Amino acid sequence: MRLKEALSVLSKSSPYAVSTERNAQRQSLLDEIKSYLYIQMPIEIAVNKAISSFGANDKKILFLCGSSGDGKSELLTKAKQQYGQRINFHLDATHSFEPQGTAIETLDKVFEKFNQGSTPLVVGINAGMMGNYAEEGKDQNIKTVIARYLTNRKSITEDIIFINFEDYPKFAIHEHGYDSEFAQKLLDRITQPNDNIIRQLVEKEKQLNDFGSQRIITNFELLSIPSVQRVIVDLLFKARLMRDQFLTARALLDFIHELLVSDGYLFDNLFAGGDNELANKIEDFDPANLRTKEIDRFILAYDLNLPDEEFHAFKGALQTFGICGLNTGAQYLRLFYVLKYEDFANDFHKQFKPDFSATLIDKYIEIYQLHKDFKDTPEQKSEIKAFYREILIAAIRTYINRNAPKLGKKYFLLSDFGEYQVAAPADLSMDLAEVKLNTTSSSAFFNARLKLKNTKFTLPININLLALLMNINNGYRPNKHDKNSVILLDELASEIIQEAKSSNELVITGDGQKYLLELDDEEIMVSEG
């Protein structure tokens, strides 16, 4: 079997993209590759622990919940091979037993059989189908339990258990940065030097000296470089944070397939877009679209074919790696980006590393980690106070007072009456007690905690909202392109204004005048400011 055909098992269009029960007597090399690529993750350990705890006559149901492509079928197919003698499995709740039947009707039959028998049941199901069954299903008990789970994400009965892929995020932020155990393990498995069926096929392909497969071999060697894998994980994390793109097993395998076998080199394929959901989002981060002094200078020099001995030497070294025929400055920039952590040749590419820096992501990770693991040390307390004072509260005040920029730090604008504006003092501050109690399982956001008098506020902050807050402090006025982030800010602003209205002090400004109104023992005292 040739390398390209073997790699097709990674593609989402492959019949191997969704696991089914296959005849053990008809296992092929593609089955062997598929089996080799399987990575056991913590959610599988949790599922196996739950299933193994079921007695043969336990009337219990386990729902394995997740999005399409998460790996539910793969996980449950393996579990059925181990436990199928004493436990019933319904691998995919979106499937019907009969061509004319619906998935809901099929679930009704599965649950009816469960109720009539005494055998435990395991069901693979996505959130959409859970919602549909809660609305349209026949089994009232199961409908009620599912509806309550969808509302509060907690199991309310010992007889019906939910394990959800969302509770096992693919990215983790920690004190040293972030990582993706799943993505890294998969990349390691595909490229490991020993006991690797894929690498064995690569070595055989090299011996054929087939020019048509040279680019795939070069892409595989690039993918095998740990620092290149780090860049790929960086981009996947960036897509998760900035484009809200979830990482599923099927999408990642297909993404790697496209990196290896698409028409270009890996560094071009990485930003080529296409119908892969990950590539479609990562395309937005193409370094060739960056505009900095050094990048523009390089593009201009390349387009004018200006002599550069260091660049010429760098290009010569690329040929020994199998990279040739690059004919645009954009291609070289993508290559520089992919190699930014790697020492190569004369390191010509390293001069552009500062231009590729991700300061926003670094800032997000820093603040996220403070909220996730706040230990109340003097250093942490100083850092988190600076965030609330200089970024969050400053931006909230600027946003609320955007039509009254001269009110100052003490006041929040309540309403605007033509030339006159009404404001109230409001001591909005960080709620340190709530910060200490913060818990989060998602790397996509953290909860900022604020208080005004006795009222507490929670603002979920993702990287896009953080960027907006920082931009507001730099004079930016939000527009329609910031809609998703502005909605969150508008909701919080309304709550703050409502609470500020209960103040015993108001200030009215307009026509060059300023009046201070204070409520004192049911009397309103008016003075000019």
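Reference entry: report on the structure contained in this document. (Residues numbered from 1 in each chain as written. Predicted model: local features only at pLDDT ≥ 70, side-chain atom pairs only at ≥ 80, totals over all residues. Heavy atoms only, no water.)

Here we look at helix α16 (residues 309-320)
Spanning 12 residues, α16 covers 18 Å between terminal C-alpha atoms, matching the ideal 16 Å at 1.5 Å per step. Among all positions of α16, only Phe311, Phe314, Ala317 and Leu318 are buried. With its buried residues spanning 120° around the axis, α16 presents them on a single face. Residues of α16 that are exposed and angled more than 90 degrees away from the buried face: Glu309, His312, Gln319 and Thr320. The N-terminus of α16 is capped by Asp308, whose side-chain oxygen sits 3.1 Å from the backbone nitrogen of Glu310. Once α16 finishes, Gly322 follows within two positions and takes phi at roughly 90°, a positive value. (Helix = DSSP H or I, 4+ residues; strand = E, 2+ residues; numbered from the N terminus. Expected span 1.5 Å × (residues − 1). Buried < 20%, exposed > 50% of the residue type's maximum accessible area, 1.4 Å probe, protein only. Arc of directions from axis to C-beta. Polar contact = N/O pair within 3.5 Å; in protein donor to acceptor, adjacent residues only side chain to side chain.)

A few points about the sheet that holds strand β13 (residues 513-520)
An order of β7-β8-β12-β13-β14 is seen for the 5 strands of this open sheet, with the pairing classed as antiparallel. Strands with a single pairing partner mark the edges of an open sheet, and in this sheet they are β7 (411-417) and β14 (523-528). Each strand axis lies, on average, 25° off the axis of its neighbour in the sheet, ignoring direction. As paired strands, strand β12 (residues 505-510) and β13 are joined by 6 bridges and run antiparallel to one another. Bridge pairing links Glu505 to Glu518 in β13. (Pairing = 2+ DSSP bridges. Axes fitted to C-alpha atoms, helices over the stretch in contact; angles between N-to-C directions.)

Here we look at unusual backbone geometry
At Ala345, a residue that is not glycine, the phi angle is positive and equals roughly 50°. With respect to the element layout, Ala345 can be found in the loop between α17 (329-338) and α18 (359-372). Not every positive phi belongs to a glycine, and Asp347 is a case in point at roughly 60°. For Asp347, the position within the fold is in the loop between α17 and α18. Classification of Asp347 as partly exposed rests on a relative accessible area of 26%.

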